[in-house]
Amino acid sequence: MAAIDRINELTDLLNHYNDRYYQDAVSEISDQEFDLLLKELEKLEEANPESKRADSPTHRVGGTVTKSFEAVKHKYPMLSLSNTYSEDELREWDDRIKKGLNGEEYEYICEIKFDGISLSLTYENGILTRGVTRGDGSQGDDITTNIKTIRSLPLKISKNKNTDLSDEVWKSTFEIRGEGFMPTEVFERINQEKEDIGEATLANPRNAAAGTFKMQDSAVVASRGLDCFIYQFMSDNEPFKTHEESLIALKKQGFKVSDSWQKVKTIEEVIAYINHWSEKRHSLSCATDGIVIKINSYAQREDLGFTSKSPRWAIAYKYKAESKSTILKNVTYQVGRTGAITPVAELEPVELSMTTVRRATLHNADEIERLGIAIGDKVFVEKAGEIIPKITGVDASFIRNADDREANKVIFPTACPACATTLVRAEGEAAYYCPNEALCPPQIKGRVEHFIQRKAMNIDSLGEGKIEILMNNDIIKDAADLYKLRSEDILGIEKTHVDEVTGKERKISFKEKTVQNILDGIEKSKEQPFSKVLFGMGIRFVGETTAQKLASYFKTMENLKKATVEELLQVPDVGEKVAISVISYFKEPVNQIFVEKLENSGLKMEAENIVLELEGNSLDGKTFLYTGTFEGYSREELEQKIEANGGKLVSGVSKKLDFLIVGEGAGPSKLKKAETLGVKMISEEEFTGLINQI
Ligand SMILES: NC(=O)c1ccc[n+]([C@@H]2O[C@H](COP(=O)([O-])OP(=O)(O)OC[C@H]3O[C@@H](n4cnc5c(N)ncnc54)[C@H](O)[C@@H]3O)[C@@H](O)[C@H]2O)c1
Ligand SMILES: [Zn+2]
């Protein structure tokens, strides 16, 4: 291919990946592959400068502004960082620094490279007034309301805690730069919740953070517990001479600066820092993808200057995602509780990032098609976002007989591997489903497992293995049958259970003590509140929180069974998808019988107002909705306050809404609708006034 054609091809391809990454928070390829293609383009452009396109990704920051937020021009441009994956290139960069500074002595500050999104935060008169994304580097999206949900970020700088700096500095207009991220544990929690309700999980913490920071509803953003590490101070009257001074001062003043930075003098010390963090970084609360090395002295930074895309005085060293090749032994298809079919690669065990990997997810039929794998191939396995092992491609250096390979091509099944029902795929969804909800064994088993889990009925004396035995011996047909169990039904049964993940064998036998434990656990579960019973029933898209909201709105199972779509839509956070799912659940005869069995077993079918002690009845019968964030109440506190005083929360602006409580950063569409419909809008103070009126 002629150089110009390849330049055009790479330019289009990389611009496409940039759009997907920055606008949709989706990575179609790994960062390393992206960076490799970018370097290839850089080299080609250098050799053929006349063919370089104006929209080339090599000299522009990758992102853009979006239509959904106001675009704000940056006072100081927000650039990218040049990067490398190799120690040799790092040494070459150090040589260039040495030359650029004409033999002057210099120091580096090494920092962890946090993997989230760049944020610019402006303070005026000691108040956080604006938070903006990097965007295209010269202008970004104004996401102030979302940024204010970060608890570690001072909204107000109350007092100068810094003896070395004058008050003037903290009162002046200045900008702080930092990396906004989603803590790993929040990421894992959200994914667990998504799994619980049968929704697709988020790919990695970076993409999750990028998506969340750009959500329209800041109340949802607040519930996601985003955080931010600060790494830079900027103002017109620069009070610092070195980066080190600025980090110390920012920390003292209450900004969240990670303690992981270190001052070093030589490139060998930089490499030692890189090695020190290469494994240890996995224990941090934030996803990381490398190390940033920066010149410490601001005067020297000025001497070295910038390219159009990044500073010359800094570089990022990125850790390679650990990848190994191993034999694909088989592909199995798991049927989930909701009937979704997930292909799983069974691998020859391989050591990766300190764990033994035996299986990897293949996501869905499209992914299998894209990879073009055959049983017996050698495939590359990688930890995506350092968490879930995934297959990235076929190892072409392992040569196989072509016919043999063709005969072993992995083909996604058309029928359910468990019950042979023809699979279906809903429009716009990547997953295939087995529609045989009522009789497909793994779906039934999955529902029982869901029912007994800690967040639902909490029967911890039962587990996956024991449930399998109960079902295989026809002792139970669904979760409700657990409440009919008698000790003579199960005493003495034995089975060897093989753990699917570890391959370890475990013998399970129902001796007297085990049986008693099981029965006690089942009996005790009858005390679980109505909301947990509701969650345990496993209605599609009804997660833990939605179950709580439904329970506190409808109060009883009877009411919920009779609910119409319109009524369901009145419940906070309940949208059309959930409403329709609830209605169709109760329409299904199998489910009606199941719920009746639960009722007859003595489970709680009514909500108790334990959390909600009634404070008064000043809001009696009135409906409320809120938008934005509030000084005196968190989202939960406000909701509790409304209900504890006899008010009812609803989910959307309609004529029936009595009050819309308007907070900071209120959603413009809600305000407009309320105005058109003549709904009364009140401030936080007015709301507090309503409660306290006698
Ligand atoms: N997989 C894909 O499809 C895809 C697409 C586009 C970009 N990318 C990845 O994104 C990279 C480009 O993104 P980028 O321009 O934001 O560069 P970058 O993320 O590699 O580096 C610059 C950013 O690092 C962040 N950072 C984290 N810790 C920091 C610290 N201590 N000090 C300073 N900055 C710190 C800042 O947000 C800064 O903007 C590419 O190299 C590629 O790896 C991937
Ligand atoms: Zn099936």
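Residues numbered from 1 in each chain as written. Chains lettered and ligands numbered in written order. Predicted model: local features only at pLDDT ≥ 70, side-chain atom pairs only at ≥ 80, totals over all residues. Heavy atoms only, no water.

Just give me the short version of the pattern of salt bridges, but keep the residues and values in it.
The full count for this structure, using the stated rule, is 40 salt bridges. Among the salt bridges present, the one from Lys113 reaches Asp289, with a minimum N-O distance of 3.3 Å. In this pair, Lys113 sits in strand 3 (residues 108–114) while Asp289 sits in strand 10 (residues 288–295), placing the two residues 176 residues apart along the sequence. Looking at Lys113, the relative accessible area reads 17%, which means it is buried. Residue Lys256 pairs with Asp227 through a salt bridge whose shortest N-O separation is 2.6 Å. Residue Lys256 is found in the loop between helix 9 (243–252) and strand 9 (262–264), and its partner Asp227 is found in strand 8 (residues 227–234); the two are separated by 29 residues along the sequence. (Salt bridge = Lys/Arg side-chain N within 4 Å of Asp/Glu carboxyl O. Helix = DSSP H or I, 4+ residues; strand = E, 2+ residues; numbered from the N terminus. Buried < 20%, exposed > 50% of the residue type's maximum accessible area, 1.4 Å probe, protein only.)

Explain unusual backbone geometry to me, using residue names and the numbers behind them.
Of note, Asn102 is a non-glycine position whose phi angle comes to about 50°, a positive value. By secondary structure assignment, the location of Asn102 is in the loop between helix 3 (87–100) and strand 3. Assessed through its relative accessible area of 73%, Asn102 is described here as exposed. A positive phi angle, close to 60°, is found at Asp474, a residue other than glycine.

Kindly report on the UniProt feature "active site" (unreviewed entry) in the protein chain, identifying the contributing residues and their values.
Sequence positions flagged by UniProt for "active site" (unreviewed entry) are, in local numbering, Lys113. Not counting residues up to four positions away in its chain, the partners in contact with Lys113 are Leu81, Thr288, Asp289, Gly290, Ile291, Val292, Ala316 and Lys318. (UniProt positions renumbered as here; feature names shortened; annotations may be inferred. Contact = heavy atoms within 4.5 Å.)

Explain the sheet that holds strand 19 (residues 623–627) residue by residue, including any values.
Pairing is parallel across the open sheet formed by four strands, whose spatial order is 20-19-21-22. Both outer strands of the open sheet, strand 20 (648–649) and strand 22 (680–683), are each paired with one neighbouring strand and no more. The sheet contact formed by strand 21 (residues 659–662) and strand 22 spans four bridges and is parallel. Each bridged residue has a counterpart across the sheet, and for Ile661 the counterpart in strand 22 is Ile682. (Pairing = 2+ DSSP bridges.)

Describe the pairing of strand 21, listing the residues and the values that go with them.
With four bridges joining them, strand 19 and strand 21 adopt parallel strand pairing. Bridge pairing in strand 21 links Leu625 to Leu660. As a crossover connection, the stretch from strand 21 through helix 25 (residues 668–677) into strand 22 is right-handed. (Right-handed = clockwise from strand over helix to strand, strands pointing away.)

Explain the domain arrangement of the protein chain residue by residue, including any values.
The domains assigned to the protein chain are domain 1 (3–59), domain 2 (71–318), domain 3 (323–407), domain 4 (441–525), domain 5 (530–600) and domain 6 (623–692). Facing nine residues of domain 5, the contacting portion of domain 6 comprises eight residues. Together domain 5 and domain 6 conceal approximately 680 Å² of surface at their shared face, both sides included; 40% is due to carbon and sulfur atoms. The largest per-residue losses of area from domain 5 upon contact with domain 6 belong to Tyr553, Gln570 and Pro572, which jointly make up 63% of the total buried on that side. Across the pair Lys549 and Glu639 runs a salt bridge whose closest N-O atoms are separated by 3.8 Å. Counting across the interface, domain 5 meets domain 6 through zero residue pairs in polar contact (both at pLDDT 80 or more). (Domains from an automatic or database assignment. Buried area = accessible area lost by both parts, 1.4 Å probe. Polar contact = N/O pair within 3.5 Å; in protein donor to acceptor, adjacent residues only side chain to side chain.)

Break down helix 10 (residues 267–280) for me, with residues and values.
Counted at 1.5 Å a residue, the expected span for helix 10 with its 14 residues is 20 Å, and the 20 Å between its end C-alpha atoms agrees. Where helix 10 is concerned, the buried positions are Ile267, Val270, Ile271, Tyr273, Ile274 and Trp277. Along helix 10, the residues classed as buried sweep out an arc of 155° about the axis, all on the same side. (Expected span 1.5 Å × (residues − 1). Arc of directions from axis to C-beta.)

Lay out the site of ligand 1 in plain terms, naming residues and giving numbers.
What surrounds ligand 1 is a group of 26 residues, the closest being Ile29, Asp35, Ser80, Ser118 and Glu179. Asp35 is positioned with one of its side-chain polar atoms (N or O) 2.3 Å from an oxygen atom of ligand 1. Ile112 is positioned with one of its backbone polar atoms (N or O) 3.1 Å from a nitrogen atom of ligand 1. In isolation ligand 1 has 820 Å² of accessible area, and contact with the protein removes 93% of it. Each residue belonging to the shell around ligand 1 can be placed in one class, and the counts come to eleven nonpolar, six polar and nine charged. Split by domain, the shell around ligand 1 shows at least three residues from each of two domains, domain 1 (3–59) and domain 2 (71–318). (Near = heavy atom within 4 Å. Areas by Shrake-Rupley, 256 points an atom, 1.4 Å probe, with all protein chains shown as cover. Nonpolar A, V, L, I, M, F, W, Y, C, P; charged D, E, K, R; others polar.)

Please give an account of the packing of helix 3 against helix 10 that cites residues and values.
Between helix 3 and helix 10, whose axes approach to 10 Å, the crossing angle comes to 145°. The handedness of the crossing between helix 3 and helix 10 comes out as right-handed. Within the contact between the two elements, helix 3 uses Glu87, Leu90, Arg91 and Asp94 and helix 10 uses Ile267, Glu268, Val270, Ile271, Ile274 and Asn275. Grouping the constituent residues of the contact of helix 3 with helix 10 by class yields five nonpolar, one polar and four charged. (Axes fitted to C-alpha atoms, helices over the stretch in contact; angles between N-to-C directions. Left-handed = near helix turned anticlockwise from the far one by under 90°.)

Please give an account of the coordination of the zinc ion (ligand 2) that cites residues and values.
Between any two of four tetrahedral donors, the ideal angle at the metal is 109.5 degrees; between two of six octahedral donors, it is 90 or 180 degrees. Every protein donor of the zinc ion (ligand 2) is listed here as Cys416 (SG), Cys419 (SG), Cys434 (SG) and Cys440 (SG), and their distances to the metal cover 2.3 to 2.4 Å. Its four donor atoms give the zinc ion (ligand 2) angles of 100 to 114° at the centre, a pattern that matches the tetrahedral case. Here the donor residues of the zinc ion (ligand 2) are spaced in sequence according to C-x2-C-x14-C-x5-C. (Donors = N, O, S within 2.8 Å, 3.2 Å for Na, K, Ca; no water. Tetrahedral: all angles 85-135°; square planar, octahedral: opposite > 155°, others 65-115°.)

Now, about the sheet that holds strand 9: what can you tell me, with residues and values included?
The strand order across the open sheet built from five strands is 2-11-10-3-9, with neighbouring strands paired in mixed fashion. The open sheet has two edge strands, strand 2 (83–84) and strand 9, and neither has a second partner. Docked against the sheet, helix 3 engages strand 2, strand 3, strand 10 and strand 11 (314–318), running at close to 170° with respect to strand 11. Helix 9 rests against strand 3, strand 9 and strand 10 of the sheet, and its axis sits at about 50° to strand 3.

I'd like a description of the packing of aromatic side chains, backed by residues and values.
Within the structure shown, the criterion is met by 24 aromatic pairs. When the ring of Phe451 is compared with that of Tyr483, the centres are 6.3 Å apart and the planes differ by 80°; the resulting orientation is edge-to-face. You can see Phe451 sitting in helix 14 (residues 441–452) and its partner Tyr483 sitting in the loop between helix 15 (464–472) and helix 16 (487–490), a full 32 residues away along the chain. A relative accessible area of 13% means that Tyr483 is categorised as buried. Taken together, the aromatic side chains of Tyr123, Trp170, Phe174, Phe233, Phe240 and Phe255 make up a single cluster linked through ring pairs. (Phe/Tyr/Trp six-rings, centres within 6.5 Å; stacked < 30°, edge-to-face > 60°.)

I'd like to hear about the packing of helix 1 (residues 3–23) against helix 2 (residues 31–47), residue by residue, with values.
The angle between the axes and the distance between the axes are what describe a pair of packed helices. Where helix 1 contacts helix 2, the axes come no closer than 10 Å and their chain directions differ by 145°. As helix 1 packs across helix 2, the resulting crossing turns out to be left-handed. Of the residues in helix 2, those in contact with Ala3, Arg6, Ile7, Leu10, Thr11, Leu13, Leu14, Tyr17, Asn18 and Tyr21 of helix 1 are Asp31, Phe34, Leu37, Leu38, Glu40, Leu41, Leu44 and Glu45. When grouped by side-chain class, the residues that make up the contact of helix 1 with helix 2 number twelve nonpolar, two polar and four charged.

Requested: an account of the nonpolar core, with residues and values cited.
Leu482, Met537, Leu550 and Leu598 are the most contacted members of the largest nonpolar core, which totals 55 residues. Of all elements in the fold, only helix 14, helix 15, helix 17 (512–525), helix 18 (530–536), helix 19 (544–554), helix 20 (557–562), helix 22 (576–587) and helix 23 (589–600) reach the threshold of two or more residues within this core. Formed jointly, this core draws a minimum of three residues from each of two domains, domain 4 (441–525) and domain 5 (530–600). Setting aside residues up to four positions removed in sequence, Leu598 forms contacts with Phe451, Ala480, Tyr483, Val533, Met537, Leu603 and Met605. Membership of the second largest hydrophobic core comes to 38 residues, among which are Phe69, Leu121, Leu128 and Leu247. (Core = buried A, V, L, I, M, F, W, Y, C linked by side-chain atoms within 4.5 Å.)

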